[in-house]
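Chain by chain, the residues:
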Amino acid sequence: MKPSIAAKLESLARRLTEVGELLSSEAATRDMEQFRRLSREHAELTPVVDLYQRHHQTESDIAAAQGMLDDPQMKVYAEAEIKAGRETLAELEAELQRRLLPTDPNDDRNIFLEIRAGTGGDESALFAGDLFRMYARFAERNRWQIEIISESPGEAGGYKEIIARILGQGAYSKLKFESGGHRVQRVPVTETQGRIHTSACTVAVLPEADRIEDVVLNPAELRIDTYRASGAGGQHVNKTDSAIRVTHLPTGIVVECQDDRSQHKNKARALGVLAARIKDKQMREQHAQEAATRKSLIGSGDRSERIRTYNFPQGRVTDHRIGLTLYKIDAIMDGDIGELTQALMAEHQAEQLAALGEA
């Protein structure tokens, strides 16, 4: 085991003892909030320290077996014990490393999914619609809820832009690597000569921010405009100023919402998206600083980055960050993207393990 990892585990073992003493003290329940926090910490530390103690015990067993090698009657038994012990050590070390990996505090959050058509005109808007359907079907497979926040339809179908809120356990953990440039290669329905066109869309996956805890929205820094909704809506459309545009003056971020007939609901939704975008901006700035010293294997998630190509004539989807190509484009466009998301999560974990080993 690497000295840095052993030192970290020793520190956790000492902390577990300290937390245990605090919980068993007479004053433990005087502050119930602290008691709950310490209880959670104790529950998180216990399995890691238990593994570390098993690792220690296995090392002791191997040392004892090595002491038997000079005894001809015990040599075969000792060699078998040493071999089994080393295999157990390797398994325990791998599991301990996984448990020491930093967790993303946003993994269990709901998300805002933003898809925008890029180069390619009408075909790009159609592809944006296809991508939204892909993610919507994936959400259905995971029994997540979807709420449309705002949409701007394309002239020939699809969307110039669509923003949706996806509510579900682990939504961010499974979709956070989808941010970036998505490219499609296919023959557009409007193409009369059968030529393959290349179009692109950008996807952004933002963890939903808790405005109270994560992002403070100062009313003095917000400009809120109301206007009449456009698009479908019957007689209601041109009678009520229910649509909302919120501008965050320090960053220039603008959010519009006109999906609901209630101005109050549109404002609440717009503020939710705004908070998520500000949080995302803060996270990307932090990640950019980290990437200056160590480039992530998965990629920065920059929205201008081309992360994936969907080639319809060849029936393949290629994720360029990890070099994975799957020849099941129909299933993927129908929301079967689990193999892609799992591969990206596994690669990210491998990157974290490499960083932990270098520490």
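Just so you know, these numbers come straight off a predicted model, no measurement behind them.

Student: So what exactly am I meant to see when it comes to the environment of L51 here?
Tutor: With respect to the helices and strands, the residue L51 is situated in helix 2 (residues 32-66). L51 sits 42 residues away from L9 along the chain, and the two C-alpha atoms are 9.8 Å apart.

Student: What exactly am I supposed to notice about unusual backbone geometry here?
Tutor: Working note: non-glycine residues mostly have negative phi, and peptide bonds are mostly trans. Here R143, not a glycine, exhibits a phi torsion of approximately 60°, which is positive. Within the fold, R143 resides in the loop between helix 4 (121-141) and strand 2 (145-153).

Student: So what exactly am I meant to see when it comes to helix 4 here?
Tutor: Since one α-helical turn is 3.6 residues long, residues separated by three or four positions face the same way. Between its terminal C-alpha atoms helix 4 stretches 31 Å, which fits the 30 Å expected from 21 residues at 1.5 Å a residue. Phi turns positive one or two residues past the end of helix 4, at R143, with a value near 60°.

Student: I tried to follow the sheet that holds strand 4 (residues 180-186) on my own but got confused; where do I start?
Tutor: Strand pairs in the sheet, formed through backbone hydrogen bonds, run parallel or antiparallel to each other. Spatially, 8 strands are ordered 2-3-1-5-4-9-10-11 in an open sheet, and the strand pairing comes out mixed. The open sheet is flanked by strand 2 and strand 11 (324-326), the only strands paired with a single partner. Sheet twist, expressed as the mean angle between neighbouring strand axes with direction ignored, is 15°. In this sheet, strand 10 (residues 316-319) lies alongside strand 9 (residues 306-311) in antiparallel orientation, the contact comprising 4 bridges. Bridging across to strand 10, R308 finds its partner in D319.

Each value, and the rule that gives it
Residues numbered from 1 in each chain as written. Predicted model: local features only at pLDDT ≥ 70, side-chain atom pairs only at ≥ 80, totals over all residues. Heavy atoms only, no water. Helix = DSSP H or I, 4+ residues; strand = E, 2+ residues; numbered from the N terminus. Expected span 1.5 Å × (residues − 1). Pairing = 2+ DSSP bridges. Axes fitted to C-alpha atoms, helices over the stretch in contact; angles between N-to-C directions.

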